[in-house]
Every structure is written in C-alpha cells, then in structure tokens.
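An overview of the molecular structure
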Amino acid sequence: MDQTTPTHIEHAHMLFPDGMQLECGFLLAPVRVAYRTYGTLSAARDNAIVVCHALTGDQYLAETHPLTGKPGWWGRMVGPGLPIDTDRFFVICMNVLGGCMGSTGPRDPRPDIAGEPWGTDFPPITIRDMVRAQKLVVDALGITRLFAVVGGSMGGMQVLEWAATFPDMVFAAMPIATSPFHSAQNIAFNEVSRQAIFADPDWHGGRYWEQGAVPARGLAVARMMAHITYLSEEALTRKFGRRVRRDPYNQAGSLSLFGEIFEVESYLRHQGSSFVRRFDANSYLTITRAMDYFDLGADHDGDPSRPFHGTRTRFCIVSFTSDWLFPTSQARLLARALNRAAANVSFVEIDSDKGHDAFLLDEPDFDRTVRGFLSGAAEHARIG
Amino acid sequence: MRLDQRLIADMIRPGTRVLDIGSGDGALLDYLFRTRGCDARGIEIDMREVTRSVAHGLPVMHGDADHDLAHYPDEAFDYVVLQRTLQAVERPREVLRQMLRIGRHAIVSFPNFGHWQLRLKLLTTGRMPMTAVWHTPWYQTPNIHPCTILDFLMLCREEGYVVEQWMAVDEDGERAPWRRSIRLANLFGEQALFLLRRRGH
C-alpha cells in the first residue's frame, strides 16, 4: 500500500490569528480556514450560498482536485447553469475545522511545542465549532446574510447547525441525507472505523509522523467499511454482482482460497488505498467524533425543535429511499421537529437505489428539487 | 386551477398563513402566494406531486392528514385547507379537530353522498351507487368515510364548530344555486365547501 504522505499544497485560506473558543472551552489560535469560491458576489452581497462538505469531502467542490486530479465532488451540481447556478449565486465551500485540506487540524503544528504537530492532542471539536469557523470567513467577506446553506450527510448537520446557531443569517437551508442527531448505529460504524485505525501497527499511538509512517492499512479498512454504508445492496449488486477476477497480487493462483477475488472486494480495496493518499488518520478521528457528538436536542432536553422556535429560515429536507445510513425515518424526525417550530419546511424523499451517496450522483429528481427550492427561495428573498 | 379552488381562495384573507393538506400539484399554493401574498404551505401524500411542487419552488412536505397534523403547534396557521379528502382519511373527526387546533379556520370540501343520484341508484338497483363523482367500485375505493352535507353539519354541531360559510358546488366547481336550503343542497349538491372556526374564536 502506498505510504507516502500527501505532497504539500498551498490551499487558498484565511488566517484568524485570534482564533476561536471551542465548545469544549479550549481557545484554538490561530485558526486557518481553507476555502474556495465560485461565481460572483453581488453588489448587495445577498446571493451567497455556503455549501458544507461531508466527512471526507473538502473545499474543492466544483473544480479539479489539486491532489487527486479528479473532478470536484459536486461538479455536477454546482456551476454555470447547474442547479446551484454560479451565474446567479456566489458559492463558498470551506474545508471543515479539524480537516486536512488546509484548515486547522491535527496535522498542523501546535503553537505550544515547537516542531510538533497536534496529532491526537488536537482538541475535540463539534459540528458547531466547524460552523463558527466558517462564519469567520463569511464575516470577513462582508456577508451579513447567507441566501442559503446547503449540504449532505455531515454537511447537512452543518446546515442545521448554521440555521440553529445563526438563524438571522440563513435565509434558506437545505439539509440533505442527514439527521437531527447522530444515531447509535452510525456512532457504532464510526467506532469500528476508529478501532481499525488504532489496530494498525503503524498507528504508533497517534504519533505516526515520528516514525515517518501513516496507519494506511487501518485508515483503508476504515474507509472500506464506511464506503459500504454509503451504498446500498441494490447498488452493489448492480455494479458488481458476484463477478470474480484473478487476484493479480496472489502468486498461488486461482486454486488457493483467495486466488480469485470478487469485484466488490477489488473495488473496496481501491477505495481504501486511494483514500489514504489524501486523508490524515487523526483528522478522520477528529471529524468522526464531531459527528458522533452531533445532537440538535442535546441542550434542549432532547427536543430538536427548540433551537428552531421563531425561525424564519425556509427549509428543504431531502432524503433518499435506499439510504440506510441516514434513512428517511430520521429525515422525518427532523421534518416533524421543524413542524413543531412552525418553520417553513419542504420535505422530499427521492426515489433512488444508490444509497446514501445518491446525493453525489446522477438523480434528476434531486437536481430538480435543488434547483426549484433555490429558485423559489430566491423569489421570496427578492434576489436576482 | 379548478373552480372550487378559486372559491376556496376567495375565502382566504390576503397575507395570511395557510396550510393546504393534499396540495396536489400545488396550484392553490401558487395562486395564494402570487395573488394573495399568503405564506402558503402544503402537505401531500403522493411523492411525485411533492417533488414536482418543490421543484416549482413551493414549500410542500411529504405527509398526510392522519399522521402529520399532530406535530404542528396550536394556531400555527390562519387557515387549514382540506380539499376533497375528508372522506378518504382514517379518522375524519380527529383530522377536523387537528385542523381547528393548528388553524384558526378550517376550509373543508368533500363529495356529498346525499346527492339524489346516489340515493336513487341505491334505491332502484340495490347496489353501491356509481356516479361521475363516486366512480370507483366499493372494493377499490379510497373513500372509506363518505358522508352527506347533513351528516357533516351534525358533526360540526357536536364538535362545537361555527360554520362561517358553506356552499354546494357541482363537480366542475361551479357554485350551485342552493344557498339557502341545506336540504336542497344535500339533494342536489355534488361537492360541499365549508369554512369553519372553533366556537369562542
């Protein structure tokens, strides 16, 4: 497995020397937020959309990724004439706090010990911390009200946190394939991912940089397991079925137990190995933990509607029929919580067999929903 | 938009908050927003209609009258509209109670089972009547709680609802002329349209 650390790339960013107080009480300073923008901010600064990325996404939303050379993760959704139309809207996408694509995270040097990265000592962060870091950038751009905040999966959690924490700043919110709290099942999946990383001999207690190593096997296994949860049985069957191929790395030939591999195995191995080239294990731990902590009702006796009482934000909740990681039942809990707050809510379940990842893939009904919701909201917001 | 939807829209004051249960293609929502400046939202059970409505920029959520009204706070709306659906819900009385809890007014339309053609067909053929309005056989119909205009009035009386306005309408939505006599309306009206409020409001 390729164990080279990612080559250093200078990501466009803003630096906030005063940093920010995290929810855990720790003052993190300085704070750097890497971001990309698409489209043009209007003179009235009223056409900005923040797109929040998911667990392993980043700010390279709609352009070739500088590290992987692959197209942006939502290039089919964001661009001129596309549902999130950059001829019309100014789109901002920021790497989350704790990430490894230019925003402050565990791989950065810690200010108190010279020459040493944070590693596992990076303070625990929350989804709200991520959102507050994003707000530093939005404020610095002179934007007082976001036209919309859009995101799927963990990005959807950030959307909800934006609307709950800064209700007057968010005109429209589109939480996609997400939930008002991280479920026990999803925490369990994250825990398996983390244990896979801990079990890697190259983990070295989280100080793998000292050995010039990365826990590539553990991180790859974490990714493989997680990737299964992003798909669906139908999608796996359609893509791979039970097809087998000879394992090119197995010398013993097809007579041995693993001489032949199923195509689905080969696919997962590829997903795992390509992931470790672009992602840091400590970031993975930090961000999955932030997801686990996410619970809109936590400060409100378990009632996720309370943060939204009196909200004027227009919401559009989207779920997908075959998503078993963030199922429609959880989206419906969210819809009902927003109903209890008398919020303006649209709620659509898109028919798809592609599982949780459907929000990243070609789903014409979903595209129409995004385009229509944003156009309708723009009409209400009276923006071009 | 159907003519009876126009009659419904005429009952709604401009600039108010409206929930349309069973918003279908969203025609009423769109009309209320564009011509009345209403904050009009919809609930629709058919997901294709929901997707189509949201794709047209209308605030519609997937749900139904029986299960989703309980989640709204008291008096969240000025008007709650239920078009041609009361006869198909699981618990019509509970749905009406919820409508008048979450809304100051309820606007209800339903097909009238007291129409003379239905009465005559049942009397002469001895079989479940089938007409242009009631056009599905008994074993297939979603209309599990049909009622007559008189039945509905009795229920309103029992529940303490004030009938602010009522009218009988024919299938095409033209207002029928039986404005004064409930008995004539119950005999000749194909669809009924009621504007209700709770007593003391």
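Labelled according to an unreviewed UniProt entry, chain B appears under the name Methionine biosynthesis protein MetW, originating from Gluconacetobacter takamatsuzukensis.

Under an unreviewed UniProt entry, the name given to chain A is Homoserine O-acetyltransferase, and the source organism is Gluconacetobacter takamatsuzukensis. For chain A, the Subunit (unreviewed entry) comment in UniProt is given as "Homodimer." Per its UniProt entry, chain A bears the Pathway (unreviewed entry) comment "Amino-acid biosynthesis; L-methionine biosynthesis via de novo pathway; O-acetyl-L-homoserine from L-homoserine: step 1/1."

**A look at the UniProt feature "binding site: substrate" (unreviewed entry) in chain A**
Residue and element names in this part refer to chain A. UniProt annotation of "binding site: substrate" (unreviewed entry) refers to Arg 223 and Asp 357 when read in the numbering used here. These annotated residues cover 135 residues of sequence, and their C-alpha atoms lie no more than 13.9 Å from one another, placing them together at a single site. Residue position: Arg 223 is located in helix H4 (residues 216-230). Apart from the residues lying within four places of it in its own chain, the contact partners of Arg 223 are Gln 271, Gly 272 and Phe 275. Position of Asp 357 among the secondary structure elements: in the loop between strand S14 (344-350) and helix H9 (364-381). In contact with Asp 357, not counting residues within four places along its chain, are Tyr 230 and Leu 231.

**With respect to the pairing of strand S4 (residues 77-83) of chain B**
Residues and elements named next belong to chain B. Most of S4 is tucked away, with six of its seven residues classed as buried. In terms of strand pairing, strand S1 (residues 17-21) meets S4 through four bridges, oriented parallel. From the neighbouring strand, Leu 19 faces S4, where its bridge partner is Val 80. Across six bridges, the pairing between S4 and strand S5 (residues 103-111) is parallel.

**Structural notes on the packing of helix H3 (residues 184-198) of chain A against helix H7 (residues 281-293) of chain A**
Residues and elements named next belong to chain A. As a packed pair, H3 and H7 sit with axes 10 Å apart at the nearest point and diverge in direction by 160 degrees. For the element pair H3 / H7, the angle class is roughly antiparallel. Every pair of crossing elements has a handedness; the one defined by H3 and H7 is left-handed. In contact with Ile 187, Asn 190, Ser 193, Arg 194 and Ile 197 of H3, H7 contributes Ala 281, Tyr 284, Leu 285, Thr 288, Met 291 and Asp 292.

**Points about the interface of chain B and chain A**
Contact residues are listed per partner, giving 17 residues for chain B and 22 residues for chain A. Of all the elements, helix H3 (residues 47-55) of chain B adds the most residues to the side of chain B that touches chain A, at five residues. A per-class count over the side of chain B that touches chain A returns 11 nonpolar, five polar and one charged.

**Description of helix H6 (residues 263-276) of chain A**
Between its first and last C-alpha atoms H6 of chain A spans 20 Å; for 14 residues at 1.5 Å apiece the expected length is 20 Å, and the two agree. Against the buried residues of H6 of chain A lie H4 of chain A.

The rules we used
- Residues numbered from 1 in each chain as written.
- Chains lettered and ligands numbered in written order.
- Predicted model: local features only at pLDDT ≥ 70, side-chain atom pairs only at ≥ 80, totals over all residues.
- UniProt positions renumbered as here; feature names shortened; annotations may be inferred.
- Helix = DSSP H or I, 4+ residues; strand = E, 2+ residues; numbered from the N terminus.
- Contact = placed C-beta atoms within 7 Å.
- Buried ≥ 20, exposed ≤ 12 C-beta atoms within 10 Å, placed from the backbone.
- Pairing = 2+ DSSP bridges.
- Axes fitted to C-alpha atoms, helices over the stretch in contact; angles between N-to-C directions.
- Parallel < 35°, antiparallel > 145°, perpendicular 65-115°, else oblique.
- Left-handed = near helix turned anticlockwise from the far one by under 90°.
- Nonpolar A, V, L, I, M, F, W, Y, C, P; charged D, E, K, R; others polar.
- Expected span 1.5 Å × (residues − 1).

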